[in-house]
Structure formats: C-alpha cells, structure tokens
Amino acid sequence: MQNRRDFLKTAAFAAIGSGLTIRQALAAETVPTTFSINRLGKGGKMKMTFFPYELKLKHVFTVASYSRSTTPDVQVEIEYEGVTGYGEASMPPYLGQTVDTVMAFLKKVNLEQFDDPFQLDDILTYVDSISPGDTAAKAAVDIALHDLVGKLLGAPWYKIWGLTKEKAPSTTFTIGIDTPEVMRQKTLEVAGQFNILKVKLGRENDKEMIQTIRSVSNLPIAIDANQGWKDKHHALDMIHWLKDQGIVMIEQPMPKEQLDDTAWVTQQSPLPVFADESLQRLCDVAALRGAFNGINIKLMKCTGMREAWKMLTLARALDMRVMIGCMTETSCACSAAAQLSPAVDFADLDGNLLISNDRFRGMEVVKGKITLSDLPGIGVTKI
C-alpha cells in the first residue's frame with residue numbers, strides 16, 4: 001500500500017490539470033477542495049519582448065529547391081510576475097515570412113489586456129485573429145506562453161498532457177543534398193550518435209546520394225523529397241527502389257498541388273507516406289486522409305503547441321500516423337516540439353543540432369533518442 005508521501009506525489013501530478021501545482025500538493029496535509037490555477041494570484045500583467053537572432057548553420061543546408069548557410073529567427077520572452085517564458089520564430093525561405101514581418105506582427109500583440117496567462121485558449125485565439133498568416137510569429141508567442149504556464153504550474157508539458165517521456169522516439173538526423181564526398185563526411189561525423197538518418201532527395205542524382213550514404217552506414221533512413229518528384233510513376237518506382245535500400249518512410253514525394261497523384265502513389269506505396277508541405281494547420285488534416293498515411297507537424301507552420309496537440313489528436317482519430325518535425329531552430333522551439341514526441345511515430349527534431357549558436361540547453365539526444373528533461377514548461381534553460 002502506498003505511504004502518505006507517495007500518495008501525495010501521485011495526487012500532485014493528477015491535480016495539475018485541475019490547477020494544483022506539484023509544490024502545493026506536496027506541501028498540503030490534505031488535498032484542498034478548491035484550487036487556484038494561478039499560484040501567484042496577484043493579477044499581474046504579461047510583458048512581451050522580442051529581438052532578431054540569426055541562426056548560423058554548421059554546414060550549408062541544401063534541399064531540392066534552395067541552399068542556405070543561415071536562418072533568420074526572432075526570439076521572444078514573456079514575463080509575468082518574475083517568471084519568464086521563452087519562444088521563437090524560425091523562418092526558412094519557403095515559409096514566406098521574414099524578420100521584418102515577424103517583428104511587425106509581434107508589435108501588434110497586446111498581452112497586457114489579459115491578466116491571467118492560464119487563459120491560453122482566449123489569448124491564442126486573439127493572437128491568431130490578428131492576421132490570416134504569420135504562423136511563425138504566432139508560434140513564438142504560443143511557445144513562450146506554454147513555457148510560462150508550465151513554469152507557473154511547476155511541470156513540463158509532456159506531463160501536463162499525460163505523456164510518458166520514456167516513450168519518446170529516436171530522432172532522425174538530416175543529411176542535406178550535397179556532393180558525395182561531403183555527404184559521406186557528414187554521415188561519418190555522426191556515426192554512433194543516431195539510430196536513424198533523414199536524407200533530402202528530389203533531384204536527378206537521388207540514387208547516387210543514397211548509394212553514397214549506404215557506402216558508410218547501414219542505419220534506417222527516412223526520405224524527404226520536398227515535392228521534388230513531379231511524375232507519379234517515377235515517384236512510385238523510386239519508392240520501391242528505396243525500400244530495397246533500407247528506407248523506412250517517405251515525406252512529401254510530390255508537389256502539394258498534385259494531391260490526386262500523391263494519393264495514387266500512397267495507395268500503392270510499400271512505405272508509409274507523410275505530408276509536409278501539403279499540411280499547414282488543423283483545418284488541413286482531415287482532407288489529407290487517404291492521400292497520405294501520416295502527417296508531419298511543425299510548430300512554425302501550425303502556430304505552435306496548442307494547435308499541434310489538436311492536430312495530433314485529430315490525426316490519431318483518423319487512424320493516421322504522426323511525425324513531429326522542426327525547422328532550423330534553437331533548443332527553445334525544438335524542446336517545445338519535443339514535448340509532444342512521446343505520442344508520435346517518427347520525430348525529426350535535430351534543428352538545434354544543425355546550428356553553432358544555440359541560446360538554450362533543453363531536449364537532448366542520447367544515443368539517438370529524444371531525452372526530455374523534467375524542467376517545467378518546455379524544459380529549457382538559457383546558456
């Protein structure tokens with residue numbers, strides 16, 4: 001039988017969803033009959049600050065349509081009664097957002113009209129209503145608010161969502177399109193550190209790239225074609241060939257405009273096919289059932305953790321697989337996305353590992369596996 005201390009620990013975690021913090025629960029002799037979700041209870045105001053921050057890539061990053069050595073980023077902080085939540089907006093070129101557009105959006109956000117950060121639904125509905133796009137900017141606010149609320153609750157979000165961190169999967173490590181020599185070098189650099197690789201395809205030398213990696217590694221490989229295959233017959237032929245090379249999944253094989261062709265490929269594919277560019281937000285999920293086996297959720301596209309959780313829940317209800325992905329990001333956004341990782345099939349959360357100027361320490365990759373900390377919120381500390 002549980003002793004009193006063990007009971008209180010169990011009750012503390014069970015009470016989080018009702019507004020009781022771990023600290024309060026462990027200090028209580030009996031479980032109180034009423035709770036205050038805001039443990040500070042002073043009715044303070046939230047103050048948001050933000051600034052641009054350029055992410056520097058360790059290697060030039062190339063996909064089917066472009067190359068880059070940096071990624072524009074905006075860092076966000078929301079302070080409430082001495083507690084600070086961190087967020088960020090990362091903007092790779094294809095999102096169509098810039099530092100200027102993100103900064104302009106954030107200047108419009110007035111959080112001081114809310115006196116309780118726990119009003120997440122009201123606050124983030126308001127933030128979403130400011131403009132029809134600006135998803136990365138919205139994600140920055142969402143992540144910072146979730147970090148703040150988790151810290152006020154005294155618990156990481158994976159626990160608030162009722163997940164078990166030991167169920168987090170291995171993350172893929174991305175090998176961008178490059179010369180055979182550089183790809184071989186990149187693969188050898190991470191030997192023994194990861195359990196699955198991710199390779200960008202979508203050009204005329206796809207087979208050469210896979211053969212190059214196979215010359216130095218037998219690890220399972222996830223493929224991201226980044227809409228690079230335009231003909232459905234070619235796409236299916238490639239998938240059959242890739243399966244023989246030890247590939248385990250395919251991401252966005254064809255242009256998002258060719259949904260019928262993609263559905264034809266998916267229905268005959270020997271490997272699961274996941275949507276990336278075809279998917280942005282919650283409203284897109286149901287329409288992709290049948291055209292894809294699964295979806296790749298990215299916080300920068302879906303406006304953050306609140307909507308990502310809804311997308312994951314809906315996809316599961318539709319019997320679709322789920323992958324959690326990222327852009328080039330610091331450990332701030334990657335750790336936020338990692339809070340959902342115990343509930344997904346695949347994870348591609350290596351964006352923080354691709355940069356040389358991370359500002360945070362958070363989610364770690366240990367022997368290839370996503371390892372979540374027990375720090376509250378999104379689980380990060382500033383370096």
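Residues numbered from 1 in each chain as written. Predicted model: local features only at pLDDT ≥ 70, side-chain atom pairs only at ≥ 80, totals over all residues. Heavy atoms only, no water.

Undergrad: Tell me about the layout of surface pockets, and name the residues and values.
TA: What the largest pocket holds in volume is close to 480 Å³. Mapped onto the lining of the largest pocket, the elements with two or more residues apiece are strand 2 (55-62), strand 6 (173-175), helix 7 (180-189), strand 14 (360-361) and strand 15 (364-366). Considering every element that reaches the lining of the largest pocket, the biggest residue donor is strand 2, with five residues. Residue classes in the lining of the largest pocket are distributed as 13 nonpolar, seven polar and six charged. (1 Å grid on protein atoms, 1.4 Å probe; cavity = no way out; pocket = protein on both sides within 12 Å on 5 of 7 lines; lining within 4 Å. Points joined across faces, edges and corners; volume = space filled by probe spheres on them. Helix = DSSP H or I, 4+ residues; strand = E, 2+ residues; numbered from the N terminus. Nonpolar A, V, L, I, M, F, W, Y, C, P; charged D, E, K, R; others polar.)

Undergrad: How would you sum up the sheet that holds strand 10 (residues 273-275)? Please name residues and give values.
TA: A sheet is described by the order of its strands in space; here eight strands give the open sequence 6-7-8-9-10-11-12-13, paired in parallel fashion. Edge positions in the sheet fall to strand 6 and strand 13 (346-347), since each of these pairs with one other strand and no more. Both strand 6 and strand 7 (residues 197-200) contribute to a ladder of three bridges, which runs parallel. Its bridge partner lying in strand 7, Thr174 is registered against Lys198. The sheet contacts of helix 8 (residues 206-214) involve strand 6, strand 7, strand 8 (221-224) and strand 9 (247-251), and relative to strand 7 the element is tilted by about 155°. Most of the contacts of helix 13 (residues 305-317) go to strand 11 (residues 294-298), to which it runs at about 175°, and overall it touches strand 11 and strand 12 (321-325). (Pairing = 2+ DSSP bridges. Contact = heavy atoms within 4.5 Å. Axes fitted to C-alpha atoms, helices over the stretch in contact; angles between N-to-C directions.)

Undergrad: Describe the sheet that holds strand 1 (residues 47-52), and please don't skip the residues or the numbers.
TA: Reading across from one edge, 1-4-5 is the order of the three strands in this open sheet, with antiparallel pairing throughout. The sheet is open, and its two borders are formed by strand 1 and strand 5 (83-90), each paired with just one other strand. Across the sheet, the axes of successive neighbouring strands diverge by a mean angle of 20°, strand direction being ignored. Alignment of strand 4 (residues 73-80) against strand 5, held across eight bridges, turns out to be antiparallel. Bridge pairing in strand 5 places Ile78 opposite Gly85. Across the face of the sheet, helix 5 (residues 135-153) comes into contact with strand 1, strand 4 and strand 5 while running at roughly 155° to strand 5.

Undergrad: Pulling in residues and values, what's your account of the pattern of salt bridges?
TA: With the rule as written, the count across this model stands at 17 salt bridges. Residue Glu54 is joined to Lys56 by a salt bridge in which the shortest nitrogen-to-oxygen separation is 3.4 Å. Judged by relative accessible area, which is 40%, Lys56 ranks as partly exposed. One salt bridge connects Asp147 with Lys151, and the closest N-O pair in it is separated by 3.1 Å. Placement of both Asp147 and Lys151 in helix 5 is noted, with a separation of four residues, approximately one turn of the helix. In terms of burial, Asp147 and Lys151 fall into one category: buried. The structure contains a network of salt bridges with shared partners spanning Lys198, Lys200, Asp224, Glu251 and Asp348. (Salt bridge = Lys/Arg side-chain N within 4 Å of Asp/Glu carboxyl O. Buried < 20%, exposed > 50% of the residue type's maximum accessible area, 1.4 Å probe, protein only.)

Undergrad: How would you explain the state of the cysteines if you had to name every residue and give the values?
TA: For the structure shown, the criterion picks out zero disulfides. Free of any disulfide, Cys326 has its nearest neighbouring cysteine sulfur in Cys334, separated by 4.1 Å. (Disulfide = S-S within 2.5 Å.)

Undergrad: Kindly report on the packing of helix 3 (residues 99-108) against helix 5, identifying the contributing residues and their values.
TA: As a packed pair, helix 3 and helix 5 sit with axes 9 Å apart at the nearest point and diverge in direction by 50°. When the axis of helix 3 is compared with that of helix 5, the two are oblique. Regarding helix 3 and helix 5, the two cross each other, and that crossing is right-handed. Here Val102, Phe105 and Leu106 of helix 3 come into contact with helix 5, specifically with Ala137, Lys138 and Val141. Here the contact of helix 3 with helix 5 is composed, by residue class, of five nonpolar, no polar and one charged. (Parallel < 35°, antiparallel > 145°, perpendicular 65-115°, else oblique. Left-handed = near helix turned anticlockwise from the far one by under 90°.)

Undergrad: Could you give an account of empty space enclosed by the protein, with specific residues and numbers?
TA: In total, this model carries one cavity of 30 Å³ or more according to the counting rule given. Looking at the largest cavity, its volume works out to about 60 Å³. Contributing to the lining of the largest cavity are Leu124, Val127, Asp128, Lys138, Asp142, Thr303, Arg306 and Glu307. Only helix 4 (120-129), helix 5 and helix 13 provide two or more residues apiece to the lining of the largest cavity. Classifying every residue of the lining of the largest cavity by side-chain character gives two nonpolar, one polar and five charged.

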